[in-house]
Amino acid sequence: MKNFNLDYLQTFVAVIRHGSFSAAAERLDLSQPAVSQQIRQLERSLGAPLVERTGRRARATAAGQELLGHAAQIEAAVDAAVAAVARRGGSAAGRVRLGTGATACIFLLPAVLKDLRKRFPALEITVSTGNTAEIIKAVEDNLLDVGLVTMPVAGRMFDITPVLDDEFVLLAPPGMALPAKVTAATLADLPVLLFEPGGNTRRIADDWFARAGVRLAPVMSLGSVEAIKELVAAGLGCAILPGMAVPQGKLKGGVTVRALSPRLHRRLAVVIRRDKRLHAGLSDVVRSLQALGK
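Along each chain, the written sequence defines residue order, and numbers are assigned to residues from 1. Local features in a predicted model are, by the rule used here, given only for residues with pLDDT of at least 70; side-chain atom pairs are given and counted only at 80 or more, and totals for whole chains, interfaces and linings are based on all residues. Heavy atoms from the whole structure form the basis of all side-chain values; hydrogens and water molecules are not counted.

Asker: Help me out: how do you make sense of the overall build of the protein chain in this one?
Answerer: A helix here means a DSSP run of H or I that spans at least four residues, while a strand means a run of E at least two residues long, and both kinds are numbered starting from the N terminus. In terms of helices and strands, the protein chain carries 11 helices and 11 strands. In terms of overall dimensions, the protein chain has a C-alpha envelope of 70 × 50 × 35 Å along the principal axes. The classification of residues rests on relative accessible area computed with a 1.4 Å probe and restricted to protein chains. Under 20% of the type maximum is buried, over 50% is exposed, and intermediate values are partly exposed. Across the 294 residues that make up the protein chain, the buried fraction comes to 44%. What makes two residues a contact is simply this: any of their non-hydrogen atoms within 4.5 Å. In the protein chain, once contacts between residues fewer than 6 apart in sequence are set aside, the share between residues at least 24 apart is 74%. Looking at the protein chain as shown, the accessible area adds up to about 14900 Å², and 51% of this sits on carbon and sulfur atoms. Only the protein chains shown count as cover for residues, and the accessible areas themselves come from Shrake-Rupley with a 1.4 Å probe.

In structure tokens form, the structure reads like this:
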């Protein structure tokens, strides 16, 4: 037991929750061999096999089920211990696992994380990126402590706090002629780049076109906002992007930004489990995220 590692426990929970070593590796941003090695070391420290493979699916053994039943209590006890020490020391400490979208990670979080780092140098924050569905599932499974995601989000187990409205805009390449009002019908005749399907960012854009009766076939769909901006600058088409991804004065020469008609927004929210124990560090992170829209 002296070699029991809490990170390996988290990896074990991820393997069982997601049903495979590869899915857990992707979720935790680890290599599959690293996940396998951590499980082997956890099994060695506990002296029992914890995971068995049935076909392509990983399942908990009887011993693994026992450990899974204690995992949440172990984490809660560790959080409580860290919070108690932090109160005595007068500063926030411990680990906070935050999940958000790639755009928010690039354009919103740096200032927040810089401020938290300055105020709480002992606080360890890990950030994972994904679409809203992935982040919400990880919060539900207790693989993440808090999420900053695009609404809508539903679930009685969640405490959901809307924090920020982000208006979508059109990026147009140099020389592209646009009318006074940029409507869905306008864009139907232009080459348009959109974010890849599967996330709320793409769904919001698709719904905007659908409400106008336009069935748009984008010339390209990409998973990177920065890649889309580069392609627009290269003249490959225009793009609908969240406004936070288009900081004024930082676009390549000739690229223009236009409002959409009707206006299009998305709302970001902070999501946390209602039963989550808020140790001092997590409380500070949640408060900082909830202050984004102020």
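After that view of the structure, there is still more to cover.
Asker: Could you clarify how one ought to interpret the side chain of Ser 288 in this entry?
Answerer: Relative to the assigned elements, Ser 288 resides in helix α11 (residues 280-290). At 3.2 Å, the side chain of Ser 288 and the side chain of Arg 119 are in polar contact. Whenever two N or O atoms come within 3.5 Å, that pair is a polar contact, provided that in protein one can donate a hydrogen and the other can accept it, and provided that, for residues adjacent in sequence, both atoms are side-chain atoms.

Asker: Looking at this structure, how should I read unusual backbone geometry?
Answerer: When glycine is set aside, most residues are seen to have a negative phi, and most peptide bonds are trans. Here Met 151 and Pro 152 are connected by a cis peptide whose omega angle stands at 10 degrees. Mapped onto the elements, Pro 152 comes out in the loop between β5 (146-150) and β6 (158-172). Cis rather than trans, the peptide bond between Ser 261 and Pro 262 has omega equal to 0 degrees. Take Pro 262: it is sitting in the loop between β10 (256-259) and β11 (265-273). Backbone geometry at Asn 142 places phi at a positive 65 degrees, although glycine is not the residue there.

Asker: Can you help me understand the confidence of the model for the protein chain in this one?
Answerer: Low pLDDT marks regions whose predicted coordinates should not be analysed in detail. The predictor rates its confidence in each residue with pLDDT, a number between 0 and 100. In this model, the protein chain carries an average pLDDT of 88, and 94% of its residues clear a pLDDT of 70 or more. Ranking the helices and strands of the protein chain by mean pLDDT puts β5 first, with 95, and helix α4 (residues 62-89) last, with 77.

Asker: I'm lost on helix α7 (residues 132-140) in this one. Help?
Answerer: All buried positions along α7 are accounted for by Thr 132, Ile 135, Ile 136, Ala 138 and Val 139. Down the axis of α7, the buried side of the element spans an arc of 160 degrees, and every buried residue falls inside it. Its side-chain oxygen placed 3.2 Å from the backbone nitrogen of Ala 133, Asn 131 serves as the N-cap of α7. Immediately downstream of α7, the backbone of Asn 142 shows phi near 65 degrees, a positive value. Each direction from the helix axis to a C-beta atom contributes to the arc, which is the arc of those directions.

Asker: Can you help me understand the side chain of Thr 132 in this one?
Answerer: Locating Thr 132 in the fold gives a position in helix α7. Among residues more than four places away in sequence, those in contact with Thr 132 are Val 149, Thr 150, Val 153 and Asn 200.

Asker: Even after reading the chapter, I still don't get the nonpolar core, so can you show me in this structure?
Answerer: With 31 residues, the main nonpolar core has Phe 12, Val 15, Ile 16, Phe 21, Ile 39 and Val 51 as its most contacted residues. Of all elements in the fold, only α1 (6-18), α2 (21-28), α3 (32-46), β2 (57-60), α4 and α7 reach the threshold of two or more residues within this core. Element by element, the count of residues in this core is highest for α1, at seven residues. What Val 15 contacts, discounting residues up to four positions off in sequence, is Ser 20, Phe 21, Ala 24, Val 35, Ile 39, Val 51 and Ala 58. Put simply, buried Ala, Val, Leu, Ile, Met, Phe, Trp, Tyr and Cys residues joined by side-chain atoms within 4.5 Å make one nonpolar core. Residues Phe 120, Val 146, Met 244 and Leu 289 belong to the second largest nonpolar core, which totals 21 residues.

Asker: Before we go on, may I ask you to explain the pattern of salt bridges in this structure?
Answerer: Any two side chains of opposite charge can pair if their charged atoms end up close together. Throughout this description, the term salt bridge denotes a Lys or Arg side-chain nitrogen within 4 Å of a carboxyl oxygen of Asp or Glu. What the rule picks out here adds up to 13 salt bridges. A salt bridge links Lys 276 to Asp 145; the nearest nitrogen and oxygen atoms lie 2.8 Å apart. Taken together, the positions of Lys 276 in the loop between β11 and α11 and Asp 145 in the loop between α7 and β5 put the pair 131 residues apart, joining distant regions of the chain. Across the pair, exposure class does not vary: Lys 276 and Asp 145 are buried alike. One network of salt bridges, in which partners are shared, links Arg 97, Asp 145 and Lys 276.

Asker: What should I look at first to understand the packing of helix α6 (residues 109-119) against α11 in this one?
Answerer: Packed helix pairs are specified by the crossing angle of their axes together with the interaxial distance, meaning the distance between the axes. One can describe the packing of α6 onto α11 by two numbers: an axis separation of 11 Å at closest approach and a directional angle of 145 degrees. Where α6 crosses over α11, the two elements pack in a sense that is right-handed. Residue-level contacts link Leu 109, Val 112, Leu 116 and Arg 119 of α6 to Asp 284, Val 285, Ser 288 and Leu 289 of α11. Classifying every residue of the contact of α6 with α11 gives five nonpolar, one polar and two charged. Working convention: axes come from line fits to C-alpha atoms, limited for helices to the stretch in contact. Angles between N-to-C directions cover 0 to 180 degrees. A clockwise turn of the near helix away from the far one marks a right-handed crossing, whereas an anticlockwise turn of less than a right angle marks a left-handed crossing. Charged means Asp, Glu, Lys or Arg here, nonpolar means Ala, Val, Leu, Ile, Met, Phe, Trp, Tyr, Cys or Pro, and polar covers whatever is left, Gly included.

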